[in-house]
Amino acid sequence: MELLNPDLEKNITFVHPAYFIISGFIGIPDMKYYYVFLFVVYIVSVLGNTAVMLICLDHKLRTPKYIVVFNLAFADLVGSSALVPKVFDIFLFDHRNIPYNECFTFMFFCYTFLAMQPFNLVALAYDRLIAISFPLHYHVKVTHRFMFSLIASFWLLIISVALIAVALFTNLSFCKSVVINSYFCDYDLVQNLACNDFTLTWIVGCFLSVLILWFPLLFILSCYSYIGYALSKVAAVKERVKAFKTCSSHLTLVAIYFLPVMITLAIPGSIDPNTRLINMSLTSVFPPMLNPIVYVLQTQEIKVSVKKLLKIRKQPRNTVKKVILK
């Protein structure tokens, strides 16, 4: 006796193609130069974020805040490494056919590290909120243990949600087109290729958008609204400016991450696909490159640490010159 009738067996059979095709930009000549440009941006990003991670290991910077800065640099470094070299390989070396399982692995790593960036900004916003609004409680509320636990919980949440989101694609059938009109395995575009009902993956996709974009943005705006309210009670203008300057690097990072994303979302669907892809690709690679530059230029503690590192490197040379002169 058969456990399942033939009709039911048909209903639970999913069509999984051997590979997907990443189409990328269509009809634009000499795009290889653009991919080389993205790779140059990636190299700058790797060097910058590696430098920030090394600087954060300075014993004078081992405060709760720099745990988040280190994690931000790490997420930017690994996220860029998950995306750009693969894009470089796909388009410059014309390896556009990406195996089924590899496509979803690619998707998982891209979205995991992309999602970690706004959560790092959330942690930094909380740090600034307590430091400015409740300065006497800062060393009690913002401890190394608390910040490690916060960052670890963010990683656990993001990895869990990303795994569930990607795993749901195994319930989709791809019996028509396998061409993805993007530069990577884009969640929305891949689900739109399905020929069976993808309501569940669509709902999870909406939840992901709220989780990694709207929730962090609303939390950060709420923090700075309260900071603004707290600073309005400070009588001395110099004290207000001094306190606000400590937020300048974080606000710059928030603008670098959220403004391009908002512009991408605001672009109508009828716009030229190539223009949208260029905007999306720049949105993916520029924040990881600019974040370390912003922190080095706008954070006084990191400036001091960099100067000390440079002095340490120069001292041995000067010593050698003095010995030669004697």
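1. Examining the overall build of the protein chain
- Assigned secondary structure in the protein chain consists of twelve helices and three strands.
- Residue pairs at least 24 apart in sequence account for 77% of intrachain contacts in the protein chain once pairs closer than 6 positions are excluded.
- Split by element, the accessible area of the protein chain, about 18,200 Å² in all, is 69% carbon and sulfur.

2. Remarks on the side chain of glutamine 191
- Among the secondary structure elements, glutamine 191 is positioned in helix H7 (residues 187-191).
- For glutamine 191, a relative accessible area of 2% translates into the label buried.
- Separated by 3.4 Å, the side chain of glutamine 191 and the backbone nitrogen of tryptophan 202 make a polar contact.
- For glutamine 191, the residues in contact, after removing those within four places along its chain, are Phe169, Leu172, Phe198, Thr201 and Trp202.

3. What to know about unusual backbone geometry
- A positive phi is found at aspartate 94, a non-glycine position, where the angle reads about 55°.
- When you line up the elements, aspartate 94 lands in the loop between helix H3 (64-92) and strand S2 (97-99).

4. Considering H3
- Its 29 residues place the ends of H3 42 Å apart at the C-alpha level, agreeing with the 42 Å of an ideal helix rising 1.5 Å per residue.
- Maximum bend of H3: about 25°, positioned at serine 81, with proline proline 85 one to four residues after it.
- Counted residue by residue, H3 has 21 buried out of 29 residues, so it is predominantly covered.
- Phi turns positive one or two residues past the end of H3, at aspartate 94, with a value near 55°.

5. Section: empty space enclosed by the protein
- By the definition in use, this model includes four cavities of 30 Å³ or more.
- Along the walls of the largest cavity sit Met107, Tyr111, Ala162, Ala165, Val166, Tyr187 and Leu208, which together make up its complete lining.
- Split by residue class, the lining of the largest cavity holds seven nonpolar, no polar and no charged.

6. Points about the confidence of the model for the protein chain
- Looking at the protein chain as a whole, its pLDDT mean stands at 83, while 87% of the residues score no less than 70.
- The secondary-structure element of the protein chain with the lowest mean pLDDT is helix H1 (residues 6-11), recorded at 45, while helix H6 (residues 144-167) shows the highest, at 95.
- Here residues 1-10 is a poorly scored stretch, pLDDT under 50, and it has two contacts once near neighbours within four places are set aside; other chains count.
- Residue range residues 319-326 is modelled with pLDDT below 50. Its contacts to residues more than four positions away, or to other chains, number zero contacts.

7. Let's talk about the state of the cysteines
- Scanning all chains against the criterion turns up two disulfides.
- The partner cysteine of cysteine 103 in its disulfide is cysteine 185, sulfur to sulfur 2.1 Å. On the S-S bond that ties cysteine 103 to cysteine 185, the torsion sits near -135°, and the link is left-handed. Separated by 82 residues along the polypeptide, cysteine 103 in helix H4 (residues 100-133) and cysteine 185 in the loop between strand S3 (179-180) and H7 bring together distant segments of the chain.
- Judged by its relative accessible area of 0%, cysteine 103 is buried.
- A sulfur-sulfur distance of 1.9 Å marks the disulfide that ties cysteine 175 to cysteine 195. Taking the torsion about the sulfur-sulfur bond, which here is approximately 140°, the covalent link between cysteine 175 and cysteine 195 counts as right-handed. Of the two residues, cysteine 175 sits in the loop between H6 and S3 while cysteine 195 sits in the loop between H7 and helix H8 (199-232), which places them 20 residues apart along the sequence.
- Accessibility expressed as a relative area gives 46% for cysteine 175, which makes it partly exposed.
- What connects to what in the protein chain, once the bonded cysteines are numbered by sequence position, is 1-3, 2-4.

8. Quick notes on the packing of aromatic side chains
- According to the stated counting rule, one finds 29 aromatic pairs in the structure shown.
- Between the aromatic rings of phenylalanine 20 and phenylalanine 104, the centroid separation amounts to 5.9 Å while the plane-to-plane angle is 90°, which identifies the pairing as edge-to-face. Residue phenylalanine 20 is found in strand S1 (residues 19-22), and its partner phenylalanine 104 is found in helix H4; the two are separated by 84 residues along the sequence. Just as phenylalanine 20 is buried, phenylalanine 104 falls in that class too.
- Measuring from centroid to centroid gives 6.4 Å for tyrosine 111 and tyrosine 187, while their planes differ by 80°, and the two rings are edge-to-face. Of this pair, tyrosine 111 sits in helix H4 while tyrosine 187 sits in helix H7; the two residues are 76 residues apart in sequence, bridging distant segments of the chain.
- Feature note: the residues Phe20, Tyr100, Phe104, Phe106, Tyr111, Phe169, Phe174, Tyr183, Phe184 and Tyr187 constitute an aromatic cluster, connected by ring pairs.
- Here lysine 141 stacks its cationic end above the ring of phenylalanine 134, 4.9 Å away from the centre of that ring.

9. Concerning the pattern of salt bridges
- Counted by the stated rule, this structure contains three salt bridges.
- Between glutamate 102 and lysine 86 there is a salt bridge whose closest N-O contact spans 2.4 Å. With glutamate 102 in helix H4 and lysine 86 in helix H3, this pair connects stretches of sequence that are 16 residues apart.
- Residue classification places glutamate 102 among the partly exposed residues on the basis of a relative accessible area of 33%.
- Aspartate 94 is the salt-bridge partner of arginine 96, the closest N and O atoms lying 3.2 Å from each other.

The rules we used
Numbering of residues starts from 1 in every chain and runs along the sequence as written. Totals for whole chains, interfaces and linings use all residues, but because this is a predicted model, local features are given only for residues with pLDDT of at least 70 and pairs of side-chain atoms are given and counted only at 80 or more. Heavy atoms from the whole structure form the basis of all side-chain values; hydrogens and water molecules are not counted. Every helix listed is a DSSP run of H or I at least four residues long, and every strand listed is a run of E at least two residues long, numbered separately from the N terminus. Contact between two residues is taken to exist if any of their heavy atoms lie within 4.5 Å; hydrogens are not considered. To measure how exposed things are, a 1.4 Å probe is used in the Shrake-Rupley method; for residues, cover is taken only from the protein chains shown. Relative accessibility under 20% of the residue-type maximum defines a buried residue, over 50% an exposed one, and the middle range a partly exposed one, all with a 1.4 Å probe and only protein chains included. Pairs of N or O atoms are called polar contacts if they sit within 3.5 Å, as long as, within protein, a hydrogen donor faces a hydrogen acceptor (for residues adjacent in sequence, only side-chain-to-side-chain pairs). Residue count minus one, scaled by 1.5 Å, sets the expected span of a helix. We define the bend at each residue as the angle formed by axes fitted to the 7 residues ending at it and the 7 residues starting at it. Residues are said to line a cavity or pocket when one of their atoms sits within 4 Å of a point; the points come from a 1 Å grid over protein atoms alone, cavities being sets where a 1.4 Å probe fits but cannot get out and pockets being open sets with protein on both sides within 12 Å along at least five of seven lines. Grid points are joined across faces, edges and corners, and a volume is the space filled by probe spheres set on the points. Residue classes follow a fixed rule: Ala, Val, Leu, Ile, Met, Phe, Trp, Tyr, Cys and Pro count as nonpolar, while Asp, Glu, Lys and Arg count as charged, and any other residue, Gly among them, counts as polar. Scored from 0 to 100, pLDDT reflects the predictor's confidence in each residue. For the purposes of this analysis, a disulfide is any pair of cysteine sulfur atoms at a distance within 2.5 Å. Working definition: rings of Phe, Tyr and Trp (its six-membered ring) pair if their centres are within 6.5 Å, and the pair is stacked with planes under 30 degrees apart, edge-to-face with planes over 60 apart, and tilted otherwise. Note on criteria: charge over ring means Lys NZ or Arg CZ within 6 Å of the ring centre, with the direction from the centre no more than 35 degrees off the ring normal. Whenever Lys or Arg places a side-chain nitrogen within 4 Å of a carboxyl oxygen from Asp or Glu, that contact is recorded as a salt bridge.

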